[in-house]
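Per-entry structural report
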Amino acid sequence: MSDAIEDVPPSVACALDARAAEKQAFLALSVELLQQLRPEFDRLAAALVHRTLETAWQHKVNQSSKNQFPPEFL
């Protein structure tokens, strides 16, 4: 199976070339789709960072409050 085929009929070679071109075009869709989705990815990433920092801030504030005030004042 590792031997190269030397005498490929032109119709088979043409079909294989067409199939390779079709695969290339299909895979190129990923680049196009990613470019179109980039604004949505950016928006989602920004929202995630914002929520994460809000949660971290709340955790920090809650920890600070527990350390500064007696439990009866919280």
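Worth saying up front: this structure is predicted, and the values here are computed from it rather than measured.

1. Some remarks on the overall build of the protein chain
Summing up its helical and strand segments, the protein chain has one helix and zero strands in all. For the protein chain, the residues scored as buried account for 0% of the 74 residues in total. Accessible area for the protein chain stands at about 7200 Å²; split by element, carbon and sulfur atoms hold 63% of it.

2. Looking at the pattern of salt bridges
Once their charged atoms are close, side chains differing in charge can pair, the charge on each being opposite to the other. One pass over the structure, following the stated rule, counts two salt bridges. The partner of Arg19 in a salt bridge is Glu22, with the nearest N and O atoms 3.5 Å apart. With a gap of three residues between them, Arg19 and Glu22 both fall in helix α1 (residues 10–68), about one helical turn apart. The exposure class of Glu22 is partly exposed, given its relative accessible area of 49%.

3. Description of a nonpolar patch on the surface
Together, Phe26, Leu27, Leu29, Leu33, Leu34, Leu37 and Phe41 make up a nonpolar patch on the protein surface, roughly 680 Å² of accessible area in all. Looking at the element boundaries, Leu34 is found in helix α1. Residue classification places Leu34 among the partly exposed residues on the basis of a relative accessible area of 42%.

4. Side note on α1
With 59 residues, α1 should cover 87 Å at 1.5 Å per step; its first-to-last C-alpha distance of 83 Å lies within 8% of that length. Of all the bends found along α1, the most pronounced is centred on Leu37 and spans about 50°, while Pro39, a proline, follows it within four residues.

Conventions and cut-offs
- Residues numbered from 1 in each chain as written.
- Predicted model: local features only at pLDDT ≥ 70, side-chain atom pairs only at ≥ 80, totals over all residues.
- Heavy atoms only, no water.
- Helix = DSSP H or I, 4+ residues; strand = E, 2+ residues; numbered from the N terminus.
- Buried < 20%, exposed > 50% of the residue type's maximum accessible area, 1.4 Å probe, protein only.
- Areas by Shrake-Rupley, 256 points an atom, 1.4 Å probe, with all protein chains shown as cover.
- Salt bridge = Lys/Arg side-chain N within 4 Å of Asp/Glu carboxyl O.
- Patch = residues over 30% accessible without salt bridge, like charges linked within 9 Å, V, L, I, M, F, W, Y side chains within 5 Å.
- Expected span 1.5 Å × (residues − 1).
- Bend = angle between axes of the 7 residues up to and from the residue.

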